[in-house]
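# Results of the structural survey
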Amino acid sequence: AQKITQTQPGMFVQEKEAVTLDCTYDTSDPSYGLFWYKQPSSGEMIFLIYQGSYDQQNATEGRYSLNFQKARKSANLVISASQLGDSAMYFCAGAHGGATNKLIFGTGTLLAVQP
Amino acid sequence: EAGVAQSPRYKIIEKRQSVAFWCNPISGHATLYWYQQILGQGPKLLIQFQNNGVVDDSQLPKDRFSAERLKGVDSTLKIQPAKLEDSAVYLCASSLNSGQYFGPGTRLTVL
């Protein structure tokens, strides 16, 4: 069975600082995809970044980067230069075999960016 | 490019009533998903379609939930009869090759 663990229920960060949101996954499947989503208070799930287990380099999308450490089974999200609009719930999710398979979500981390 | 559309955005019903949700995926996306997100939790997959065929419905409570995607585009999710514990946000998502893109969701309250 696969499981996604997010151990930080809530995080604070000062505006313009970088923040790391932790995520670990538990699966024996060598072909696995990790995703991060942002869910503001309005409720929509916004896709941020994707990392495949066979990708050689860590994924980056603008201010978001994924610190993927296969041996530790971790896929931490790094947000650089935090903005007030980054305040939201962040979910890590995993999928067996590829990006179109069902997502298993973690419990989320609530990020608050302080001015 | 238009995103995933869902309607209605909000619905309030009494227990034992029926309700239906509609989803229109991103154009060209063959895979469509329905997730249920209970307050304070991450979303949980209810059903996954590939075109008009069901790929995974292992967590769909089939005694009361049903879903269809007859022409491989739009999809409807129905609950009949609703229970109090069905109160949640129902999220539709679609995917082509990488990344699942979510709609705004339908917030269901069962009284």
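In case you missed it, the structure is sitting above this.
First, a word on what this report is: a plain description of the structure on this page. Note that the structure is predicted; figures quoted are calculated from it, not measured.

## Here we look at the overall build of chain A
Scanning chain A from terminus to terminus reveals zero helices and 12 strands. Here chain A has a C-alpha radius of gyration of 13 Å; the compact-globule value for 115 residues is 13 Å, and the two agree. Taken along its principal axes, the extent of the C-alpha atoms in chain A is 40 × 25 × 20 Å. Partitioning the contacts of chain A with sequence separation of at least 6, the portion at a separation of at least 24 is 55%. Carbon together with sulfur atoms contributes 51% to the accessible area of chain A, which is approximately 5,400 Å² in total. Here chain A contributes 8 positively and 9 negatively charged side chains, and the mean placements of these two sets differ by 5 Å.

## Digging into the packing of aromatic side chains
Counted by the stated rule, this structure contains 16 aromatic pairs over all chains. Ring geometry for A:F91 versus A:F105: centroids 6.1 Å apart, planes at 85°, classification edge-to-face. Here A:F105 lies in strand 11 (residues 104-105) and A:F91 lies in strand 10 (residues 88-96), a separation of 14 residues in the sequence. Neither residue differs from the other here; A:F91 and A:F105 are each classed as buried. Taken together, a centroid distance of 6.4 Å and an interplanar angle of 40° make the contact between B:F65 and B:Y90 tilted. Taken as a pair, B:F65 in strand 7 (residues 65-68) and B:Y90 in strand 9 (residues 88-95) lie far apart in primary sequence, 25 residues in all.

## Observations regarding the interface of chain B and chain A
Each side of the interface is counted separately: chain B has 24 residues, and chain A has 16 residues. Summed over both sides, the interface of chain B with chain A buries roughly 1,400 Å², with 53% coming from carbon and sulfur. On the chain B side of the contact with chain A, B:P43, B:Q100 and B:F102 bury the most area, a combined 29% of that side's loss. Here chain B and chain A share one salt bridge between them. For B:D56, the salt bridge identified is with A:K102, shortest N-O distance 3.6 Å. Joining chain B to chain A, the criterion identifies four residue pairs in polar contact (both at pLDDT 80 or more). Of all the secondary-structure elements, those providing two or more residues to the side of chain B that touches chain A are strand 4 (31-37), strand 5 (44-50), strand 9 and strand 10 (101-102) of chain B.

## Points about the layout of surface pockets
Over the atoms a probe the size of a water molecule is rolled, and this reveals where empty space is left. Taken as a whole, the largest pocket holds about 470 Å³ of empty space. Lining the largest pocket we find 24 residues, and of these A:Q39, B:Q37, B:L39, B:V89 and B:R107 sit closest to its centre. Listing elements by their share of the lining of the largest pocket, those giving two or more residues are strand 10 of chain A together with strand 9 and strand 11 (106-110) of chain B.

## Quick look at the pairing of strand 8 (residues 75-79) of chain B
All names here are of chain B. Taking every second residue as pointing to the same face, the buried face of strand 8 carries S75, L77 and I79, while none of T76 and K78 on the other face is buried. Sheet analysis places strand 3 (residues 19-24) next to strand 8, joined by five bridges and oriented antiparallel. The residue of strand 8 that forms the bridge with F21 is L77. Here strand 7 pairs with strand 8 via four bridges, running antiparallel. Bridging across to strand 8, E68 finds its partner in T76. Between strand 7 and strand 8, which pair antiparallel in sequence order, lie six residues; one of them, G72, sits at a positive phi of approximately 75°.

Parameters at a glance
Residues numbered from 1 in each chain as written. Chains lettered and ligands numbered in written order. Predicted model: local features only at pLDDT ≥ 70, side-chain atom pairs only at ≥ 80, totals over all residues. Heavy atoms only, no water. Helix = DSSP H or I, 4+ residues; strand = E, 2+ residues; numbered from the N terminus. Rg over C-alpha atoms; globule rule 2.2 N^0.38 Å. Contact = heavy atoms within 4.5 Å. Areas by Shrake-Rupley, 256 points an atom, 1.4 Å probe, with all protein chains shown as cover. Lys, Arg positive; Asp, Glu negative; His and termini not counted. Charge placed at Lys NZ, Arg CZ, Asp CG, Glu CD. Phe/Tyr/Trp six-rings, centres within 6.5 Å; stacked < 30°, edge-to-face > 60°. Buried < 20%, exposed > 50% of the residue type's maximum accessible area, 1.4 Å probe, protein only. Buried area = accessible area lost by both parts, 1.4 Å probe. Salt bridge = Lys/Arg side-chain N within 4 Å of Asp/Glu carboxyl O. Polar contact = N/O pair within 3.5 Å; in protein donor to acceptor, adjacent residues only side chain to side chain. 1 Å grid on protein atoms, 1.4 Å probe; cavity = no way out; pocket = protein on both sides within 12 Å on 5 of 7 lines; lining within 4 Å. Points joined across faces, edges and corners; volume = space filled by probe spheres on them. Pairing = 2+ DSSP bridges.

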